[in-house]
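A structural walkthrough
The lines below spell out each chain.
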Amino acid sequence: MLRIGIIIGSTRPGRKGEVVARWALGIAKQRNDAEFELVDIKDYELPLLDEPMPPSMGQYTHEHTRRWSATIASFDAYVFVTPEYNHGIAGALKNAIDFLYGEWVNKAAGFIAYGGASGTRAVEQLRLVMAELQVATVRAQVGLSLFTDFKDFSVFEPSRGQSNSVNALLDQVIAWGGALKTLRDTEAQRDDANRY
Ligand SMILES: Cc1cc2nc3c(=O)[nH]c(=O)nc-3n(C[C@H](O)[C@H](O)[C@H](O)COP(=O)(O)O)c2cc1C
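A brief look at the structure comes next. (Residues numbered from 1 in each chain as written. Predicted model: local features only at pLDDT ≥ 70, side-chain atom pairs only at ≥ 80, totals over all residues. Heavy atoms only, no water.)

Some details on the site of the ligand
- Residues in close proximity to the ligand total 15 residues, the closest being Ser-10, Arg-12, Lys-16, Tyr-85 and Tyr-114.
- Take Glu-84: an N or O atom from its side chain is 2.9 Å from a nitrogen atom of the ligand.
- Tyr-114 places a side-chain nitrogen or oxygen 2.5 Å from an oxygen atom of the ligand.
- Taken by itself the ligand offers 600 Å² of open surface, and the protein chains cover 74% of this.
- Here the shell around the ligand is composed, by residue class, of 4 nonpolar, 6 polar and 5 charged. (Near = heavy atom within 4 Å. Polar contact = N/O pair within 3.5 Å; in protein donor to acceptor, adjacent residues only side chain to side chain. Areas by Shrake-Rupley, 256 points an atom, 1.4 Å probe, with all protein chains shown as cover. Nonpolar A, V, L, I, M, F, W, Y, C, P; charged D, E, K, R; others polar.)

Okay, here's the thing in structure tokens:
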């Protein structure tokens with residue numbers, strides 16, 4: 001079964017990211033076409049990138065990197081739950097992404113964003129970052145507005161139809177995640193064959 005990580009893209013105390021991610025996980029868990037797990041970058045206590053070698057070499061010297069690497073490697077696709085900070089993504093998320101390389105390659109990703117302008121600019125930035133990591137990003141995305149999906153800009157109360165948007169997003173993430181898993185499996189078989 002395809003494994004999909006729902007990554008919480010903010011770490012600050014009082015963040016809205018966690019409630020949004022748990023809502024998305026609840027919707028995802030009603031499906032039976034993939035397995036879903038929450039990934040909280042806060043749990044990994046990553047410092048600012050402190051590996052001496054470029055992540056594309058995969059030579060990690062720190063336990064925190066190896067732990068983060070094992071988690072991200074275990075998924076076939078990702079759903080990033082991201083706020084918009086100054087028209088981009090949170091520094092903590094960019095740092096966590098930058099720690100790794102090969103673990104992301106040939107996977108799929110979709111985005112659930114929130115903010116004054118529904119987090120749209122953060123998603124656009126994230127799509128560029130994902131392109132460099134060879135992650136296929138799906139077109140469908142979920143945009144949650146601080147004006148209409150949060151009561152008094154604070155309490156998360158998603159408007160009607162947003163759960164359908166999550167399912168539309170997951171449909172595409174699962175389709176692309178499955179296709180890319182086939183690609184990775186084929187490449188692994190070819191590499192094995194070339195070894196002999
Ligand atoms: C540092 C910072 C910068 C922000 N910049 C923007 C912004 O550029 N556009 C926007 O729509 N909202 C912006 N916001 C509002 C956030 O989208 C909103 O506070 C959201 O809840 C932050 O996500 P979090 O609660 O998970 O940390 C900003 C918030 C913070 C803390």
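From this point on, the discussion continues.
Remarks on the sheet that holds strand β2 (residues 35-40)
- Taken in spatial order, the 5 strands line up as β2-β1-β3-β4-β5 in an open sheet, and their pairing is parallel. Whereas interior strands pair on both sides, the edge strands pair on one side only; in this sheet they are β2 and β5 (135-145). Adjacent strand axes in the sheet meet at a mean angle of 20° when their direction is disregarded.
- The pairing of strand β4 (residues 107-115) with β5 spans 8 bridges and is classified as parallel. (Pairing = 2+ DSSP bridges. Helix = DSSP H or I, 4+ residues; strand = E, 2+ residues; numbered from the N terminus. Axes fitted to C-alpha atoms, helices over the stretch in contact; angles between N-to-C directions.)

Concerning the side chain of Asp-149
- Examined against the element boundaries, Asp-149 turns out to sit in the loop between β5 and β6 (150-151).
- The side chain of Asp-149 is buried and forms no salt bridge, while Arg-160, the nearest opposite charge, is found at 11 Å.
- For Asp-149, the side chain forms a polar contact with the side chain of Ser-159, separated by 2.6 Å.
- Discounting residues that sit within four places of it in the chain, Asp-149 has contacts with Gly-143, Leu-144, Val-155, Phe-156, Glu-157, Pro-158, Ser-159 and Gln-162. (Buried < 20%, exposed > 50% of the residue type's maximum accessible area, 1.4 Å probe, protein only. Lys, Arg positive; Asp, Glu negative; His and termini not counted. Salt bridge = Lys/Arg side-chain N within 4 Å of Asp/Glu carboxyl O. Contact = heavy atoms within 4.5 Å.)

Notes on the pattern of salt bridges
- The tally for this structure, following the rule as stated, stands at 14 salt bridges.
- In this structure, the salt-bridge partner of Arg-127 is Glu-124, at a minimum N-O distance of 4.0 Å. One end of the pair is Arg-127 and the other is Glu-124, both in helix α4 (residues 120-132) and 3 residues apart, which spans about a single turn.
- On the accessibility criterion, Arg-127 (17% relative accessible area) is buried.

Points about the packing of aromatic side chains
- Considering all chains together, one arrives at 10 aromatic pairs under this definition.
- Note on Tyr-78 and Trp-104: the rings are 4.9 Å apart at their centroids and 65° apart in plane angle, and the pair reads as edge-to-face. Taken as a pair, Tyr-78 in strand β3 (residues 77-83) and Trp-104 in the loop between α3 (91-98) and β4 lie far apart in primary sequence, 26 residues in all.
- An aromatic cluster is defined as three or more aromatic residues linked by ring pairs; in this entry it consists of Phe-75, Tyr-78, Phe-80, Trp-104 and Phe-111.
- The ring of Phe-150 is capped by Lys-16, whose NZ or CZ atom sits 5.8 Å from the centre of that ring.
- It is Arg-67 that lies over the ring of Tyr-44; its NZ or CZ is 4.5 Å from the centre. (Phe/Tyr/Trp six-rings, centres within 6.5 Å; stacked < 30°, edge-to-face > 60°. Lys NZ or Arg CZ within 6 Å of the ring centre and 35° of its normal.)

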